[in-house]
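# Tertiary structure, described
Next come the chains, spelled out residue by residue.
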Amino acid sequence: MRVLGIDPGLTRCGVGVVEGVAGRPLTMLGVGVVRTPADAELGDRLVAVERGIEAWLDEYAPGCVAVERVFAQHNVRTVMGTAQASAVAMLCAARRGIPVALHTPSEVKAAVTGSGRADKAQVGAMVTRLLRLDAPPKPADAADALALAICHIWRAPAQNRLQQAVAAHRAPTAPRKPATPRTPGAAATPRTSRTLKGPAA
């Protein structure tokens, strides 16, 4: 499985590609950041994010894109920019027919470090260890993108089994054969009784 992890952001959009399967060593194929100038118009910045992500999709042709799920923050301006960049990432993938998975920050941290409250330094250290890198990727947005990809590779099999179970549960069952209606007033057909024999004398 080859996954492109995307840590959305307008100023810095982290991107990282990881290949492998759950239970086996993973390999980093590429990592980086798509940057846009803070003083540029919003539309131009979104176009720059789109072009950057498209370039990564062209180069690595991932089978899935994992994007960080946007959650509420106190800084509305920051969360709006993150949400806009996230939408661009999902659009780029959907346009190519590539499946998109959303993972919350705590879900990614728990998958990679074992704690949903881990800080960025801990995430970077574990990403470095899991991918056998010489040093943590810089900036932290790049490490977070790799963590997203790792999280999805590890959790995809369980999610697929869960989706299959849900689909099987929702599948319509075969209708029961209706009982033969009785004629009003007719007595039920008696069952044939068996004579029980006692022990031989």
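Residues numbered from 1 in each chain as written. Predicted model: local features only at pLDDT ≥ 70, side-chain atom pairs only at ≥ 80, totals over all residues. Heavy atoms only, no water.

### As for the overall build of the chain
To keep it simple, the criterion reads: A run of H or I in DSSP becomes a helix once it reaches four residues, and a run of E becomes a strand once it reaches two; helices and strands are each numbered from the N terminus. Whether two residues are in contact is decided by their heavy atoms, any of which lying within 4.5 Å being enough. Here, Shrake-Rupley sampling with a 1.4 Å probe gives the accessible areas, and only protein chains in the shown set may cover a residue.
Counting secondary structure elements, the chain contains five helices and five strands. Starting at the N terminus, the α and β elements of the chain follow one another as β-β-β-α-β-α-β-α-α-α. Sequence-distant contacts in the chain: of pairs separated by 6 or more residues, those separated by 24 or more amount to 63%. Accessible surface for the chain amounts to roughly 12900 Å². Of this, 55% is attributable to carbon and sulfur atoms.

### Section: the sheet that holds strand β3 (residues 27-35)
For the record, the criterion: Strands pair, by our definition, only if DSSP identifies at least two bridges between them. Each axis is a line fitted through C-alpha atoms, and for a helix only the stretch in contact is used; angles between axes span 0 to 180 degrees, taken between their N-to-C directions.
Spatial strand order, β3-β2-β1-β4-β5: five strands in an open sheet with mixed pairing. What marks the edges here is a single partner per strand, and that holds for β3 and β5 (100-103). In this sheet, adjacent strand axes meet at a mean angle of 20° when their direction is disregarded. When strand β4 (residues 64-68) meets β5, the two strands line up parallel, connected through four bridges. Bridge pairing links Val-67 to Leu-102 in β5. With respect to the sheet, helix α1 (residues 42-60) is in contact with β1 (2-7), β2 (12-19), β3 and β4, its orientation differing from that of β3 by roughly 160°. Sitting on the sheet, helix α2 (residues 76-95) is in contact with β1, β4 and β5, with an inclination near 170° to β4.

### Observations regarding the nonpolar core
The condition that has to hold: Among buried residues, those of type Ala, Val, Leu, Ile, Met, Phe, Trp, Tyr and Cys that are joined through side-chain atoms within 4.5 Å constitute a nonpolar core. Burial classification: accessible surface area is computed with a 1.4 Å probe over protein chains only, and a residue below 20% of its type maximum counts as buried, one above 50% as exposed, and the rest as partly exposed.
Of all hydrophobic cores here, the largest spans 20 residues; its most connected members are Val-18, Val-127, Leu-131 and Ile-150. Each residue touching Ile-150, except ones within four places of it in the same chain, is listed here: Val-18, Leu-26, Val-112, Val-127, Leu-130 and Leu-131. In this structure, Ile-53, Val-65, Val-67 and Val-88 belong to the second largest nonpolar core, which totals 18 residues.

### Let's talk about the pattern of salt bridges
Test applied: When a carboxyl oxygen of Asp or Glu is within 4 Å of a side-chain nitrogen of Lys or Arg, the pair counts as a salt bridge.
Here the structure, examined in full by the defined rule, presents eight salt bridges. Where Arg-155 meets Glu-107, a salt bridge forms, and the shortest distance between an N and an O atom there is 3.3 Å. Taken as a pair, Arg-155 in helix α5 (residues 140-170) and Glu-107 in helix α3 (residues 105-113) lie far apart in primary sequence, 48 residues in all. Taking relative accessible area as the criterion, Arg-155 reaches 30% and is therefore assigned partly exposed. For Asp-144, the salt bridge goes to Lys-120, with nearest N and O atoms at 2.6 Å. Of the two residues, Asp-144 sits in helix α5 while Lys-120 sits in helix α4 (residues 120-130), which places them 24 residues apart along the sequence.

### Considering the confidence of the model for the chain
We apply this condition: Known as pLDDT, the predictor's confidence for each residue is given on a scale from 0 to 100.
Counting all residues, the mean pLDDT for the chain is 86, and 78% of those residues have values of 70 or more. Residue range residues 187-201 is modelled with pLDDT below 50. Its contacts to residues more than four positions away, or to other chains, number one contact.

### Section: the packing of α3 against α4
Each pair of packed helices gets described by two things: the angle between the helix axes and the distance between those axes. Quick reminder of the rule: Angle categories: roughly parallel below 35 degrees, roughly antiparallel above 145, roughly perpendicular from 65 to 115, and oblique for all the rest. Crossing handedness follows the turn of the near helix against the far one: under a right angle anticlockwise gives a left-handed crossing, and clockwise gives a right-handed one. Throughout this entry, Asp, Glu, Lys and Arg are counted as charged residues, while Ala, Val, Leu, Ile, Met, Phe, Trp, Tyr, Cys and Pro are counted as nonpolar. The remaining residues, Gly among them, count as polar.
At a minimum axis separation of 9 Å, α3 and α4 run at an interaxial angle of 50°. Here α4 runs oblique to α3, going by the angle between their axes. As α3 packs across α4, the resulting crossing turns out to be left-handed. Between α3 and α4, the residues in contact are Lys-109, Val-112 and Thr-113 and Gln-122, Val-123, Met-126, Val-127 and Leu-130, respectively. In the contact of α3 with α4, the residues fall into five nonpolar, two polar and one charged.

### Some words on the state of the cysteines
In protein chemistry, a disulfide is the covalent bond that joins the sulfur atoms of two cysteines. What counts, and what does not: Criterion for a disulfide: a pair of cysteine sulfur atoms at a distance within 2.5 Å.
This model, assessed by the stated rule, comprises zero disulfides. Left unpaired, Cys-13 is separated from the closest cysteine sulfur, that of Cys-92, by 9.4 Å.

### Topic: α1
Stated precisely, the cut-off is as follows: Multiplying 1.5 Å by the helix residue count minus one yields the expected span of that helix.
For α1, built from 19 residues, the straight-helix expectation of 27 Å at 1.5 Å per residue is met to within 8% by its first-to-last C-alpha distance of 27 Å. Buried within α1 are the following residues: Arg-45, Val-49, Gly-52, Ile-53, Glu-54, Trp-56, Leu-57 and Tyr-60. Looking at the buried side of α1, the elements it contacts are β1, β2, β3, β4 and α2. Residue Ala-61 follows α1 closely and has a positive phi angle near 45°.

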